[in-house]
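Topology and contacts: notes
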Amino acid sequence: MSAHPANTTQPEEPLLPPEPLPMHVRGISAEQRNAQEEWEAVEDIQSVLLGRSAGPVPLISFNEALQFFQTTDLSEARKKIQATVRRHGLAALLHFLFGPPRLQQQLQGERDLALAIAQCGLDDNQAVHMRILQTIYKKLTCSRLGCPRYGAHWEELGFQGADPGTDLRGTGMLGLMQMLYFVMDSQTLPLALEIFRLSQHETQNFPFCIMSVNITRLVLQALREECLSRECNRRQQVIAVLNDLYVAAFLQLYRVWKSQHKTIADSGFLLKELEFSTKKKPKQLLKSFETYVSRSLMSAADSIQHPSPLPISSSQAGEEINFTGICDLQVELEGEARLI
């Protein structure tokens, strides 16, 4: 190797003036700036725990997640679906003569897509799956930070253990998709948070996410038994009907649980009631949900037009949404409905 001449020097790079601080940083104290840097450092740690080197995981909308499943190869999952319940003998004849109408042919592809999603397990290697999980966590906890893929924080949300994927038996990713719909729709998010708060109650607590998965399972049963065909045919939709029925069933459960001071010991019987309602009275459930949404919108509009100048008293501050139409069904069903 030849040596550089002794009198040769590397040109010094000109000193650049320091870059101006961003507008959102100017004018804040050093203490605030340190706090901001610490906050960003926490996000970086979260990203490492999630197995990503990039920044925070962005939220995902229900429609974006649905589009992912619409464009993904689900051929293996489709092989496992059973679109309708098989009936034999007299049961098949009675269903043919007196049962609900069949789902129209143009809607059967959408039905099969929903059933195929229910056959998909949670996959750590699918970025969309992870975003769905993270979005549910952030919206329920009102946090802008993500969380590790495994850990006790999922039990706090109402899963059975450190891995939510083990609790999706019978519902697959549809169980998470319906939770995602619940928390990402602006009209249903307040209800989702009310139910989640009730699930944390000292005596009336219940596992929110496990209850949600059970409700998805009931909705799937109603679909496969063709109990929703009339409503799907009327609206020319399947997945939207499933989502609305899911929220409607959760709303009914919330009303009964809260007003009648139910506890986890009552969950089996209440799920039997919901099973009856989703199969025999889906139209009534959906109508009740529509009424709830209408009242919520009217209440929100009224509060904007006529804001109250008076402070909220301590007794009023503890009140939550008022619900009507409590379900008083006393029905014994075959089989055992219980939390998974």
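Everything that follows concerns the structure shown earlier in this document.
Residues numbered from 1 in each chain as written. Predicted model: local features only at pLDDT ≥ 70, side-chain atom pairs only at ≥ 80, totals over all residues. Heavy atoms only, no water.

1. Section: the side chain of E231
- For E231, the location among the structural elements is in helix α11 (residues 229-235).
- A relative accessible area of 13% places E231 in the buried class.
- Here E231 is in contact with V241 and L286, once residues within four sequence places are set aside. (Helix = DSSP H or I, 4+ residues; strand = E, 2+ residues; numbered from the N terminus. Buried < 20%, exposed > 50% of the residue type's maximum accessible area, 1.4 Å probe, protein only. Contact = heavy atoms within 4.5 Å.)

2. Details of the nonpolar core
- Among the nonpolar cores identified, the biggest contains 83 residues, and I132, L176, M177, F182, I215 and F250 are the most heavily contacted of them.
- No other element matches helix α12 (residues 239-259), which puts 14 residues into this core.
- What M177 contacts, discounting residues up to four positions off in sequence, is F62, A65, L66, F69, I117 and I132. (Core = buried A, V, L, I, M, F, W, Y, C linked by side-chain atoms within 4.5 Å.)

3. Structural notes on helix α9 (residues 189-199)
- Taken across its eleven residues, α9 has nine buried, putting it largely inside the fold.
- Those residues of α9 that sit buried are L189, L191, A192, L193, E194, I195, F196, L198 and S199.

4. Remarks on unusual backbone geometry
- Here E226, not a glycine, exhibits a phi torsion of approximately 65°, which is positive.
- Considering the arrangement of structural elements, one finds E226 in the loop between α10 (208-224) and α11.
- Notably, Q236 is not glycine yet its phi reads approximately 55°, a positive angle.
- Within the fold, Q236 resides in the loop between α11 and α12.
- Taking relative accessible area as the criterion, Q236 reaches 38% and is therefore assigned partly exposed.

5. Brief notes about helix α5 (residues 108-117)
- Among the ten residues of α5, seven are classified as buried, and the element is accordingly described as predominantly covered.
- Elements in contact with the buried residues of α5: α2 (62-71), α3 (75-80), α8 (172-184), α10 and α12.

6. Concerning the pattern of salt bridges
- This model, assessed by the stated rule, comprises eleven salt bridges.
- The residue D112 makes a salt bridge to R111 at a minimum N-O spacing of 3.1 Å.
- The exposure class assigned to R111 is buried, which follows from its relative accessible area of 10%.
- Several salt bridges share partner residues, and in doing so they unite D124, R149 and D163 into one network. (Salt bridge = Lys/Arg side-chain N within 4 Å of Asp/Glu carboxyl O.)

7. Quick word on the packing of aromatic side chains
- Under the counting rule described, the total for this entry stands at ten aromatic pairs.
- Between Y137 and W154 the ring centres are 5.7 Å apart and the planes differ by 70°, which places this aromatic pair in the edge-to-face class. Taken together, the positions of Y137 in helix α6 (residues 127-141) and W154 in helix α7 (residues 153-157) put the pair 17 residues apart, joining distant regions of the chain. Exposure class is identical for Y137 and W154. Each is buried.
- When the ring of F206 is compared with that of W257, the centres are 4.8 Å apart and the planes differ by 55°; the resulting orientation is tilted. Linking F206 in the loop between α9 and α10 with W257 in helix α12, this pair joins segments that are 51 residues apart in sequence. With respect to class, F206 is no different from W257; both count as buried.
- Positioned above the aromatic ring of Y150 is the side chain of R149, whose terminal nitrogen or guanidinium carbon lies 4.3 Å from the ring centre. (Phe/Tyr/Trp six-rings, centres within 6.5 Å; stacked < 30°, edge-to-face > 60°. Lys NZ or Arg CZ within 6 Å of the ring centre and 35° of its normal.)

8. What to know about the environment of A65
- Considering the arrangement of structural elements, one finds A65 in helix α2.
- A relative accessible area of 0% means that A65 is categorised as buried.
- Separated by 116 residues in the primary sequence, A65 and Y181 place their C-alpha atoms 9.8 Å from one another.
- Contact partners of A65, with chain neighbours within four places excluded, come to I60, V128, I132, M177 and L180.

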